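Letter by letter, the chains look like this.
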Amino acid sequence: ALQATFEKLYGSEFEVTVVDLWTDNSPWPINKMPQGYSFMVKYPWMWRMGFRFLWPSWVHEPTFFMYHKVMGKLMAKAFLDLQPDLVVSVHPLMQHIPLKVLDSLVRRGKMRRVPFATVVTDFTTCHSTWFHRKVDRCYVATPEAAELGLSRGLQQSQLTIYGLPIRPAFSEVNGASKPRLRDKLGMEKGKPAILVVGGGEGMGPVEATCHAIAKELGDRVQVVVVCGRNRKLAARLRAASFPMKVLVNGFVSNMHEWMAACDTIVTKAGPGTMAESLVCGLPLVLNGFIPCQEEGNIPYVLNNRVGEFSKDPEVVGRILGRWLGADRTQFTEMAKRAKALGRPEATVQIVKDLARLTMEYYKPSLARSQQRSAVAALY
């Protein structure tokens, strides 16, 4: 999202390089760590244990110190090759080690001092490792996240609340003609549309939810399902018999169009999907969450009255039946609140701020036409 927005706003003025430091600039077996994400989220107790174990500073500080000893040289080489004018981290484990490496390079005269910014991509229950006192800027999505940053020692001047960065396409499709989008996507124009999302891996009770919707609402609605990379799930749904129209998709690159064409969404409490849904004005039925990391997103949705939560597909079906039936007026008001809570301008605001931050540090003696580069550190 940040890279696309830099290109949209500034063209070739900034050269944005996205770097996966864990995978591409770490020795074995550390470079295999990102592959463990999909495995760990399937076992909530394991994810919860890891999240809580690394929370205290007296645990993660020595842990990162040891990682720095192992991967510091490779990471330093990456920074020396790139010679960035700005470093942006979008991962909770990419503050402590890069800052230590950059500080060492500056002290040894290998690099000049460059600004470092963190863009927090969680809504509320952000891990403590997101926050480091030595960053120049830390962008958060909610006041709850800002309070956590303050409690971890950041100053108010370092924290900015803009919202969660999402791809420019979601802002551009905002206000598009729903009938035209539905016609383009092969949907029925007149019936309410429910979007059921299983994430990139097609996880969660997607199939059971579709059958619960069929039981509760019959042919009064249409359902769009995004199964991600779960081909077996997509095959089962395509082979199943439903009273309503069900459009089954695998991994999609036009989620912004599907969201803008639908009326509500069933999804787990992932921050990215939530932010995109709110921008599109979709009331949310949350049906799951990653322990600790996404738990706080549920009260965020409930307290702002933009959705409900249940892990039970039958209850999810009844919630949707109520929203699209007897409580239709309340559902319409909920959609208005969702759209008002969305922050379509967040990514543009963050990128403009990052550009200003870069120019503050950039040598005024260099020609303004010369390219400048921003590095995003990913996991």
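From a predicted model like this one, the values you see are computed outputs, not experimental measurements.

A. Examining the overall build of the protein more closely. Tallying secondary structure elements over the protein gives 17 helices and 12 strands in all. For 379 residues, the compact-globule estimate of 2.2 N^0.38 gives 21 Å, and the protein sits close to it at 22 Å. Seen through its C-alpha atoms, the protein measures out along the principal axes to roughly 70 × 45 × 35 Å. Considering only contacts in the protein between residues 6 or more positions apart, those separated by 24 or more positions represent 66%. For the protein, the exposed surface amounts to about 17400 Å²; the carbon and sulfur share of it is 54%. Averaged over its 48 positive side-chain charges, the protein has a centre that lies 3 Å from the centre of its 33 negative ones.

B. Structural context of the packing of aromatic side chains. Inspection of every chain in the model, using the stated rule, returns nine aromatic pairs. Between phenylalanine 6 and phenylalanine 14, the ring centres sit 5.3 Å apart and the planes meet at 50°, which makes this aromatic pair tilted. The class for phenylalanine 6 is buried, based on a relative accessible area of 3%. For phenylalanine 14, a relative accessible area of 5% puts it in the buried group.

C. Up close: the pairing of strand S2 (residues 86-89). Because side chains alternate across S2, one face comprises the buried residues Leu86 and Val88, and the other comprises Val87 and Ser89, equally buried. Looking at chain direction, S2 and strand S3 (residues 116-119) are connected through three bridges and run parallel. Bridging across to S3, valine 87 finds its partner in phenylalanine 116. The handedness of the S2 to S3 crossover, carried by helix H6 (residues 96-107), is right-handed.

D. A look at a nonpolar patch on the surface. A contiguous nonpolar surface patch, about 480 Å² in accessible area, is contributed by Phe39, Tyr43, Trp45 and Met49. Turning to its location among the elements, phenylalanine 39 is positioned in helix H3 (residues 36-41). For phenylalanine 39, a relative accessible area of 45% corresponds to the partly exposed category.

E. The arrangement of the nonpolar core in detail. Judged by nonpolar contacts, the single largest core of 37 residues is most densely connected at Met187, Leu195, Met255, Trp258, Met259, Met274 and Leu284. Among the elements that make up this core, the one with the highest residue count is helix H12 (residues 255-261) (five residues). When sequence neighbours within four positions are dropped, the list of residues in contact with leucine 284 reads Ile265, Thr267, Met274, Ser277, Leu278, Val301, Val306, Gly307, Glu308 and Trp323. Counting residues in each nonpolar core, the second largest holds 33 residues, with Met71, Trp130, Val135 and Leu159 among its members.

F. Up close: the packing of helix H10 (residues 206-217) against helix H15 (residues 313-323). Here H10 crosses H15 at 45°, and the two axes come no closer than 8 Å. On the basis of the axis angle, H10 is oblique to H15. Crossing of H10 against H15: the hand is right-handed. Of H15, the residues touching H10 (which contributes Ala208, Thr209, Ala212, Ile213, Lys215, Glu216 and Leu217) are Pro313, Glu314, Val316, Gly317, Arg318, Leu320 and Gly321. For the contact of H10 with H15, the class distribution of residues is seven nonpolar, three polar and four charged.

G. Structural detail: helix H4 (residues 44-53). Looking only at H4, the buried set comprises Met46, Trp47 and Phe51. Relative to the axis of H4, the buried residues are bounded by an arc of 130° and lie together on one face. Summarising the geometry of H4, the exposed residues directed more than 90 degrees from the buried face are Trp45, Met49, Arg52 and Phe53.

H. Structural view of the sheet that holds strand S11 (residues 307-309). Spatially, S8-S7-S6-S9-S10-S11 is the arrangement adopted by the six strands of the open sheet, whose pairing is parallel. A single partner strand is all that each edge strand has here, and the edge strands are strand S8 (245-249) and S11. Neighbour-to-neighbour, the strand axes of this sheet turn through a mean angle of 15°, independent of strand direction. In the sheet, strand S6 (residues 193-197) pairs with strand S9 (residues 264-267) via three bridges, with the strands oriented parallel. Of the residues in S9, the one forming a bridge with valine 196 is valine 266.

I. A look at the pattern of salt bridges. Applying the stated rule across the entire model yields 18 salt bridges. Close ionic contact of arginine 322 with aspartate 327 constitutes a salt bridge, the shortest N to O distance being 3.7 Å. For aspartate 327, a relative accessible area of 19% gives the class buried. By sharing partners, the salt bridges in this structure join Lys178, Arg182 and Asp263 into a single network.

J. Geometry of the side chain of asparagine 249. Relative to the helices and strands, asparagine 249 is located in strand S8. Of the residues examined, asparagine 249 reaches a relative accessible area of 15% and is grouped as buried.

Reading the values: the criteria
Residues numbered from 1 in each chain as written. Predicted model: local features only at pLDDT ≥ 70, side-chain atom pairs only at ≥ 80, totals over all residues. Heavy atoms only, no water. Helix = DSSP H or I, 4+ residues; strand = E, 2+ residues; numbered from the N terminus. Rg over C-alpha atoms; globule rule 2.2 N^0.38 Å. Contact = heavy atoms within 4.5 Å. Areas by Shrake-Rupley, 256 points an atom, 1.4 Å probe, with all protein chains shown as cover. Lys, Arg positive; Asp, Glu negative; His and termini not counted. Charge placed at Lys NZ, Arg CZ, Asp CG, Glu CD. Phe/Tyr/Trp six-rings, centres within 6.5 Å; stacked < 30°, edge-to-face > 60°. Buried < 20%, exposed > 50% of the residue type's maximum accessible area, 1.4 Å probe, protein only. Pairing = 2+ DSSP bridges. Right-handed = clockwise from strand over helix to strand, strands pointing away. Patch = residues over 30% accessible without salt bridge, like charges linked within 9 Å, V, L, I, M, F, W, Y side chains within 5 Å. Salt bridge = Lys/Arg side-chain N within 4 Å of Asp/Glu carboxyl O. Core = buried A, V, L, I, M, F, W, Y, C linked by side-chain atoms within 4.5 Å. Axes fitted to C-alpha atoms, helices over the stretch in contact; angles between N-to-C directions. Parallel < 35°, antiparallel > 145°, perpendicular 65-115°, else oblique. Left-handed = near helix turned anticlockwise from the far one by under 90°. Nonpolar A, V, L, I, M, F, W, Y, C, P; charged D, E, K, R; others polar. Arc of directions from axis to C-beta.

Keep in mind that these numbers describe shape and distance, not what the molecule does.
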